[in-house]
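One-letter residues, chain by chain:
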Amino acid sequence: MRKLCFNPKTESFALARSSPSSPLSLTSSPTLPRLSFSEPSSFHEDIFIEEAEALILKWNPDSSAYAKVTSLFYQDRNEAKQYINCVNQLQKTMHSLLSQNLSSDKLILAHNLMQIAMKRLTKEFYQILSMNRAHLDPESVSARSSRTSANSSASDYDDDFAAEDDDIRAAGDSISEVEQVSSGAMADLKLIADCMISSGYAKECVSVYILIRKSIIDEGIYRLGVEKLSSSRANKMDWEVLDLKIKSWLEATRISVRTLFNGERILCDHVFSYSDSVRESCFAEISRDGASLLFGFPELVAKTKKSSPEKLFRVLDMHAVASELLPEIESIFSSDYNSGVRSQFLVSLQRLTESAQILLAEFESTIQKGTSKPAVNGGGVHSLTIQTMNYLSVLADYLNVLSDIFPRDWLPPQKSSSLPESYLYSPESDYSASTPALTARFAWLILVLLCKLDGKAKHCKDVSLSYLFLANNLWYVVARVRSSNLQYVLGDDWILKHEAKAKRFVSNYEKVAWGEVVSSLAENPAAAEARAVFENFNRKFEEAYRKQNSFVVADRELRDEIKGSIARSIVPRYREWYNVLLAKVGSVRDLTATEYVTFTPEDIENYLVNLFFFGTSSSAVSSSSVSSSPLRRWS
C-alpha cells in the first residue's frame, strides 16, 4: 500500500525547541513573571493596558525588526503563554470599557492593541502550520489519535498535552521526536485558535488554516493518482486506461478516507475545539474539493458506455470498497456542513448498484444472443462455454457484494418461451421460495448457457457428435463449478444432478456411435458363422473409428471414462469370438493369416486407447498391429 508523503517546503523550526531534554507545553502551567494582566482584578485598567501595550508592541512585526524575523512561540514559550493570557485579558478589559464609555481613549488604544495582537497571532499561526507540514501530515496525526481522542474538550486536551510532556521527560525516547513535535505544534495551534476565536477573529484564523491544510488534502489525493476526469474524456478512453484509473481509485480511496481525511478531521477537531461551528465549517471547506473529486469518480465510471466484460468486476470492486468505507465516511463527514459530500457518495454507491444490475442483465442477453459458430469441430468445448464459465467463476468471488447489490427477490423468470421445454421444466430448473436468490440466479444463468448449447448441438450433422458435444460442454461446466466458489453457491445437489446428466449424454453417445459395433458381435459365438461376424465387425469398427477418431474429448478424466466404457463394451465380446475361433484353428499364426480376421483383441484395445487424439493415435499403437491394419492409412 502506498503511503502519503507530505514534504515541508521549509525546514521545521519546531525540532529545535521540542527536544526531549527540554520539553515545554503551552497547556502546562509554567512559572510566569508577576505581570499585572495575569491577575487583572488586582490592578487598575490603566496599569494593565500599559503593560499589555509593552508586551504586544514588543512582538509587533511592523515596529520591531526583531519581531519580524523571530517567532514568539519558537523563541520563548513562557512568554508566548503570557502573550495569549494578555490578549485574553485585553478582550475582557475591552468589554468592561465598552460598558463605561464607547469613545474613551483607553478603549481605542485597547482596540488598536488587539488588532496588532491578532496580526501577530495570525503570523504565528501561519508559521506553525507551514513550517510543521511534515509533522502535521495526516498519517502522523492519525497514528497519534490512538493515544489522544480527537473529540475531547479543550480542558481534556490541555491535560493530555501536559501529561504527555511529563511522560516525555520521564521516558525520554519512549515517544518519537516527530510525535513530540506534532503534539507541541497541535497544542500551539489550539491555543492560538482559542484566543483568536474568543476575541472575534475566527475568520482570520480559519482563512490561514484553510490555505495551508486544503493544499495538503488536494496534494495528497493527486499523489495517490486520482485526477479530475470529465465524462466525455472517460468515454473516449480505452478500457485498459480507464481500468488503471479504477485500480488507482480503489487503493487511493482507502488511504484517503482512513489516513488523509481521518487525519485532517482529527487535527481540525483539535485545533478548533473551542467552537463546533468553526470546526465543522473549516473541515468542510478544506475537504470539499478533494472529497468531491474522489467520491464522484464511481458515478463517472458507472455512466461510461464502456462494454468490456471486465467492467462488471471493476464496478463490483468499487462497490465493495465504497460499502466498506461507508460507516467511516458517514462518521468523518457527519456534520450538516458535509451533507453534500455524503449525498454525493451515496449517489455514487447507488449508481454502482444500478450499473452492476444492468451489466449482469447484458451478460445474460449476450449468452442468449450469441451468434458464434453452431458447434465446435469435433464436438469439443465451445468458446461460449469457456467464456461464460470464466465469467461466472469470477463473479462467484463477489457473493457478499452481490448480496448487497441485488434484492432478496432477485429470482430468475419461471417460464420463458425462448428456452427449450426439456431444459426449462426439468427438475434442475425448479426453484422454491426458499431457494436463495443468488443460487437461483446463478443456476438460471448456467441454464441459459446450456439451452444455447442445446440449440447449437441440433445443428450437428451427426447425432453421436451432438451428444458428445453436449457431454463435453456440460462436463466442463460441472468441472468449473467444482473448482470455484460456484460450488458453494449452487451446492452439491446441483453438481450431482448435472454430472449425472453429462453421463447420460456420454451413454447416449456410446449407444449411437458404437452401438452397431457392439451388436455386430453375437452373444453366442458357436451359433453363428465366424467369417460373416468378423467381416461385419471389421467394417463397423473401421467406420466407427474413422468417424469418432476425429472427435474431441479434451478433459482427461472424461476421455478415459468414455474410452474405458467403450472398451468394456467391445473388447470382452470380441476376445470371446477371437478365442473361440483360435481354438478351432489351433494357432495364432494360422488365425491371423485368415483373410477375415483383421484385429487381435490387443489391437482393438490399442486403437481405443488412442481414440480422440486428433489423428495421432498411431504413435501409441504397436508396430505390428499398425502394419497389419487397414486403419493405418487414416488412423
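Keep in mind that this is a model prediction, so the values were computed, not measured.

Section: the overall build of the chain
The number of helices and strands found in the chain is 26 helices and 0 strands. Evaluated residue by residue, the chain yields a buried proportion of 53% over its 635 residues. Partitioning the intrachain contacts of the chain with sequence separation of at least 6 by distance along the chain shows that 80% fall at a separation of at least 24. For the chain, the exposed area adds up to about 29100 Å²; of that, 51% sits on carbon and sulfur atoms.

Considerations on the pattern of salt bridges
Inspection of every chain in the model, using the stated rule, returns 34 salt bridges. Across the pair Arg265 and Asp269 runs a salt bridge, and its minimum N-O distance is 2.8 Å. Of the two residues, Arg265 and Asp269 both sit in helix 12 (residues 239-271), 4 residues apart, roughly one turn of that helix. Look at Asp269 and you get buried, because its relative accessible area is 7%. Glu605 is the salt-bridge partner of Arg575, the closest N and O atoms lying 3.1 Å from each other. Here Arg575, found in helix 23 (residues 556-585), pairs with Glu605, found in helix 25 (residues 601-609); they are 30 residues apart in sequence, far enough to count as distant. One network of salt bridges, in which partners are shared, links Arg265, Asp269, Asp276, Arg279 and Glu280.

Quick word on the packing of helix 15 (residues 339-368) against helix 19 (residues 437-457)
The N-to-C vectors of helix 15 and helix 19 enclose an angle of 20°; their axes lie 8 Å apart at closest approach. By the angle between their directions, the pair helix 15 and helix 19 is classed as roughly parallel. The two elements helix 15 and helix 19 cross, and the hand of that crossing is left-handed. Touching Leu360, Phe363, Glu364, Ile367 and Gln368 of helix 15 are Arg441, Trp444, Leu445, Val448, Leu449 and Lys452, all from helix 19. Per-class residue counts for the contact of helix 15 with helix 19 are 7 nonpolar, 1 polar and 3 charged.

Some remarks on the environment of Ala202
Structurally, Ala202 can be placed in helix 10 (residues 202-223). Sequence-wise, Ala202 and Phe272 are 70 residues apart; in three dimensions their C-alpha atoms are separated by 9.6 Å. In contact with Ala202, other than residues within four places in its own chain, are Met196, Ile197 and Val278.

Regarding the packing of aromatic side chains
Under the counting rule described, the total for this entry stands at 23 aromatic pairs. Ring centres of Phe261 and Phe333 lie 5.3 Å apart, and the angle between their planes is 70°; this geometry places the pair in the edge-to-face category. Here the residue Phe261 occupies a position in helix 12, and Phe333 occupies one in the loop between helix 14 (311-332) and helix 15, the gap between them amounting to 72 residues. Judged on exposure class, the residue Phe261 and its partner Phe333 are both buried. The interplanar angle of 85° and the centroid separation of 5.9 Å between the aromatic rings of Phe295 and Phe333 together place this pair among those described as edge-to-face. One end of the pair, Phe295, is in helix 13 (residues 276-303); the other, Phe333, is in the loop between helix 14 and helix 15, and 38 residues separate them in sequence. For the cation-ring pair, Arg265 lies above Phe283, with the distance from its terminal atom to the ring centre recorded as 4.4 Å.

Points about the nonpolar core
Core analysis: the biggest nonpolar cluster contains 175 residues, and Leu121, Phe125, Tyr209, Phe272, Phe295, Trp514 and Phe541 have the highest contact counts within it. The element that contributes the greatest number of residues to this core is helix 12, accounting for 14 residues. Every residue in contact with Phe125, bar those within four places of it in the chain, is listed here: Leu189, Ile192, Ala193, Cys205, Val208, Tyr209, Val271 and Phe272.

Re helix 20 (residues 463-482)
Under the 1.5 Å per step criterion, the end-to-end length of helix 20 is 29 Å for 20 residues, consistent within 8% with the ideal 28 Å. Buried residues dominate helix 20, accounting for 15 of its 20 residues.

Focus on the side chain of Asp317
Note on placement: Asp317 falls in helix 14. Given a relative accessible area of 16%, Asp317 falls into the buried group. Within the structure, the side chain of Asp317 is placed 2.8 Å from the side chain of Tyr398, a separation counted as a polar contact. Not counting residues up to four positions away in its chain, the partners in contact with Asp317 are Leu250 and Tyr398.

Brief notes about the state of the cysteines
In total, this model carries 0 disulfides according to the counting rule given. There is no disulfide at Cys205, and the cysteine sulfur nearest it, in Cys282, is 8.0 Å away. For Cys205, a relative accessible area of 1% gives the class buried.

As for the environment of Arg258
Locating Arg258 in the fold gives a position in helix 12. For Arg258, a relative accessible area of 33% gives the class partly exposed. When the C-alpha atoms of Arg258 and Glu139 are compared, they prove to be 8.9 Å apart, with 119 residues separating the residues in sequence. Engagement of the side chain of Arg258 in a polar contact is seen with the side chain of Glu328, the distance being 3.2 Å.

Parameters and conventions
Residues numbered from 1 in each chain as written. Predicted model: local features only at pLDDT ≥ 70, side-chain atom pairs only at ≥ 80, totals over all residues. Heavy atoms only, no water. Helix = DSSP H or I, 4+ residues; strand = E, 2+ residues; numbered from the N terminus. Buried < 20%, exposed > 50% of the residue type's maximum accessible area, 1.4 Å probe, protein only. Contact = heavy atoms within 4.5 Å. Areas by Shrake-Rupley, 256 points an atom, 1.4 Å probe, with all protein chains shown as cover. Salt bridge = Lys/Arg side-chain N within 4 Å of Asp/Glu carboxyl O. Axes fitted to C-alpha atoms, helices over the stretch in contact; angles between N-to-C directions. Parallel < 35°, antiparallel > 145°, perpendicular 65-115°, else oblique. Left-handed = near helix turned anticlockwise from the far one by under 90°. Nonpolar A, V, L, I, M, F, W, Y, C, P; charged D, E, K, R; others polar. Phe/Tyr/Trp six-rings, centres within 6.5 Å; stacked < 30°, edge-to-face > 60°. Lys NZ or Arg CZ within 6 Å of the ring centre and 35° of its normal. Core = buried A, V, L, I, M, F, W, Y, C linked by side-chain atoms within 4.5 Å. Expected span 1.5 Å × (residues − 1). Polar contact = N/O pair within 3.5 Å; in protein donor to acceptor, adjacent residues only side chain to side chain. Disulfide = S-S within 2.5 Å.

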